[in-house]
Amino acid sequence: MKTLCILTFMLLSAFTTAVNKPVEKVDLDRYAGKWYSLYSIPTFFDKGSRETTTSYNWDQKGYYDVLTTYKKGDDDEEVHTYKSKLFQVDNTNNSQMKAQFIWPYKVDYWIIELADDYSYVVVGHPDHKFLFIMSRKPSMDKKLYEEIISRCKAKGYAVEKLTSQHQNG
């Protein structure tokens, strides 16, 4: 009987996916600053963009002022920008936020993976609608990237839709 229970548990474990959930806690001050978007499942706002950076400036009113810079297409060297806000959600230890690109609409912004030293972050959505892999540097170790992809796939993200932001660095 004990052997049957162990085998059942092992089989069930093999076929279950990792839970898509935010990290336990995010330090707002450490999260602030510049991030390089390395790979993403694009949203309406960033489809076709490259060399994207996002700077988060914490406002004591309970949100980040966000400035995003990017280039469009393969040939355009003009740097484009847009501003948005990222709102703190109460009782989530700052790992679940709301992004606002157009007032008054807000979308879920979950920090689903964060390096202990805040060197990289993975931002997702509870319904797997988008995914961003960002770093403090314009590049990432290939092995680390592959490990992140594996974890995101296990959480149910369509990692085959990830596109490179073609950062120089």
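Whatever comes next refers back to the structure up there.
Residues numbered from 1 in each chain as written. Predicted model: local features only at pLDDT ≥ 70, side-chain atom pairs only at ≥ 80, totals over all residues. Heavy atoms only, no water.

## Comments concerning the nonpolar core
Here is step 1 of the chain: Residues Tyr31, Tyr56, Tyr64, Tyr109, Ile111 and Met134 are the most contacted members of the largest nonpolar core, which totals 21 residues.
Here is step 2 of the chain: Those elements that place two or more of their residues in this core are helix H2 (28-31), strand S2 (49-59), strand S3 (63-72), strand S5 (96-102), strand S6 (105-114), strand S7 (120-124) and strand S8 (131-135).
Here is step 3 of the chain: At three residues, the largest contribution of residues to this core is made by S6.
Here is step 4 of the chain: When neighbours within four sequence positions are excluded, Tyr64 is seen to be in contact with Leu28, Tyr31, Ala32, Tyr56, Asn57, Trp58, Ser84, Lys85, Leu86 and Met97.
Here is step 5 of the chain: One finds Ile112, Tyr120, Ile149 and Cys152 within the second-largest nonpolar core, a separate group that totals 17 residues. (Core = buried A, V, L, I, M, F, W, Y, C linked by side-chain atoms within 4.5 Å. Buried < 20%, exposed > 50% of the residue type's maximum accessible area, 1.4 Å probe, protein only. Helix = DSSP H or I, 4+ residues; strand = E, 2+ residues; numbered from the N terminus. Contact = heavy atoms within 4.5 Å.)

## A look at the pairing of S7
In the case of a regular strand, side chains alternate between the two sheet surfaces.
Here is step 1 of the chain: Most of S7 is tucked away: five of the five residues are buried.
Here is step 2 of the chain: Side-chain alternation along S7 places Tyr120, Val122 and Gly124 on one buried face and Val121 and Val123 on a second face that is also buried.
Here is step 3 of the chain: Pairing between S6 and S7: four bridges, direction antiparallel. Within the sheet, the bridge partner assigned to Ile111 lies in S7 and is Val123.
Here is step 4 of the chain: The pairing of S7 with S8 spans five bridges and is antiparallel. Bridging from a neighbouring strand, Tyr120 pairs with Ser135 of S8. (Pairing = 2+ DSSP bridges.)

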